[in-house]
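# Coordinate analysis (summary)
The lines below spell out each chain.
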Amino acid sequence: MTSNNRNSINQLALAVSLGLLAGCSQTGDSSSGTDSVQTKKPVMLLDQPTPRSAQWQLVWADEFDGDKINKRNWSLEENCWGGGNNEQQCYTKRARNAYVKDGYLHIVAHNESYSGPDNPEGKVGAGANKTLPFTSARLRSKDKRDHKYGRFEIRAKLPSGQGTWPAIWMLPTDNKYGTWAASGEIDIMEAVNLKAQSDAPGAQAGDGENRIYGSLHYGKAWPDNVYSGQGASLPNNINPADDFHTYAIEWEEGEIRWYVDNIHYATQTQDEWYSQYKVDGALVNAKGAAPFDERFHLLLNLAVGGSWSANANQKGIDKSDFPKTMLVDYVKVYRCSADRWKGKGCATIGEQAVKVKGHQAPAILPQDDRYADGPNLDIFSESLNSNLAYGSYDPMDIVSHQEVADGDHGQVLKISKKNGAGNLYFRSPTTDVSHWLESGELIFDIKVESMTDGSELMVKIDSGWPKTSDMTVALPAMGQWGEVRIKLADLLAQSNRFVAGNQADPTMINNLLVFEPTAAMTFSLDNIRFEKR
């Protein structure tokens, strides 16, 4: 799933911030990132489950008895679109990839070439076909079993191996607030590369990957979506690929909680999620608990490769041990009898749960770019231009900024970043800066207060990740103010150093400037402006 600023990556986050969260894409314009989940320390769970409340009443269950997938509950997707995440499987409707046997749903990924429609709906003739090297299956309950609020409980055994990406998740059925991710996404459980060498913070050689993840995606329509979530490791170093475990959420109005084997490990609340969508062409803030106040449906799938799993752990896909199988014992959905309309009064609360930090709704900016007509554009001088808004790509809470007094310079913008992935950017309306190219310059004053040896400062401009132009700027002596001048044409001529072949489109800029140190640095900025003759 991507952050607010898709153009921000450094080597720590490169594995996952190419943007796309596998199990979880719905349409051709969907992408998501898991940087903030993947790169922070997981909850190390203790074996202290909390039994669910007796007030949860079962309303629907599929225990996968018999010998066929129940069509009243599930439909199977069929496409070679790659999930919007560069996944390497075609989803098929074949029994080879999804079937019921011995009381389990089997979702099976095979190492075999397959061709099909390159669009999420699987429409034949709606565009090009694609051939991919793996097949698998994705089931969904859309328009068959759709629910608003409740407890959703799935018992499953996950596959292991580099490149595997099982997911149990939910999407909105009606998309009340617009396309992904403005109408939300709920990831009940995801895991990648189980038993491959762990790349978790503090992992040692020989430690097998064992994390699971629960996340939300929300905000605005892609690419301005955001996400927040939490990883967890099972008690006693248990690996989720070794046996069945029960993954669940409890969803009530304004709150969603995550569980594994009845251990409550994460909570997110409406004070840290939001939805912004367009009404009559104007962007507005959705009210209340939106977007998680509408009907959602379930999805079960096993992806292979893709922008998360293939870029994490040992990288790529280990093709030596296929087929891979995700087993599902049952799916159960409960309604809260204490309040069936809002789902409140049945909460299962455990002491190990993390309150997940989410995102606040950003200021709604003007819808035109006349502010940038020139010949002078003041970005920051004493205060931020009212047509812009601060934004921060900050998956590990290591970036801070504030406007502070600094002697003869008056109010300046002070930015501090620790080692790791992160930056500060100036969010803008979609802006055409092409008229600045002939003679325009970016000019700013800077004073560096501290920095890690070898750290550099990147300045960027972008039109939506990965369409980013970036360059490194020369810094004045430590503790002294100095002026930096960059020709806009020179900056925009640069490409994205992390994704070759991409650069910003000067007619479609939506992050006017980005300041990103490559390592720890504290610095102040003033008199940030564009000027042209």
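Residues numbered from 1 in each chain as written. Predicted model: local features only at pLDDT ≥ 70, side-chain atom pairs only at ≥ 80, totals over all residues. Heavy atoms only, no water.

Within an unreviewed UniProt entry, the label attached to the chain reads Glycoside hydrolase family 16 protein, and the organism entered is Vibrio plantisponsor.

### What to know about the overall build of the chain
Scanning the chain for helices and strands turns up 2 helices and 34 strands. Principal axes of the C-alpha set define a box for the chain whose edges measure 75 × 55 × 50 Å. Relative to its full complement of 533 residues, the chain shows a buried share of 59%. Put simply, of all contacts in the chain between residues at least 6 apart along the chain, 77% involve residues at least 24 apart. Taking the average location of the 54 positive side-chain charges in the chain and that of its 67 negative ones, the two points are 6 Å from each other. (Helix = DSSP H or I, 4+ residues; strand = E, 2+ residues; numbered from the N terminus. Buried < 20%, exposed > 50% of the residue type's maximum accessible area, 1.4 Å probe, protein only. Contact = heavy atoms within 4.5 Å. Lys, Arg positive; Asp, Glu negative; His and termini not counted. Charge placed at Lys NZ, Arg CZ, Asp CG, Glu CD.)

### Things to note about the nonpolar core
In terms of nonpolar packing, the biggest core is built from 58 residues, with Trp 251 and Leu 298 touching the most fellow members. It is strand E20 (residues 296-304) that contributes the most residues to this core, 5 residues altogether. Contact partners of Trp 251, with chain neighbours within four places excluded, come to His 147, Lys 148, Tyr 149, Gly 150, Phe 152, Met 170, Ile 186, Ile 256, Phe 292, Glu 294 and Phe 296. (Core = buried A, V, L, I, M, F, W, Y, C linked by side-chain atoms within 4.5 Å.)

### Quick look at the sheet that holds strand E31 (residues 468-473)
A sheet is described by the order of its strands in space; here 5 strands give the open sequence E25-E28-E33-E30-E31, paired in antiparallel fashion. Each end of this open sheet is capped by a strand with a single partner; those strands are strand E25 (389-393) and E31. Recorded for the sheet is a direction-independent mean angle of 25° between the axes of neighbouring strands. (Pairing = 2+ DSSP bridges. Axes fitted to C-alpha atoms, helices over the stretch in contact; angles between N-to-C directions.)

### Observations concerning the state of the cysteines
Inspection of the entire model under this criterion finds 2 disulfides. Across the disulfide from Cys 336 sits Cys 346; the S-S distance is 2.0 Å. Looking down the S-S bond of the Cys 336 and Cys 346 bridge, the torsion is 85°, so its handedness is right-handed. With Cys 336 in strand E21 (residues 324-336) and Cys 346 in the loop between E21 and strand E22 (354-355), the pair connects residues that are 10 residues apart, well separated along the chain. In terms of burial, Cys 336 and Cys 346 fall into one category: buried. Counting only the cysteines that form disulfides, in the order they appear in the chain, gives the pairing 1-2, 3-4. (Disulfide = S-S within 2.5 Å.)

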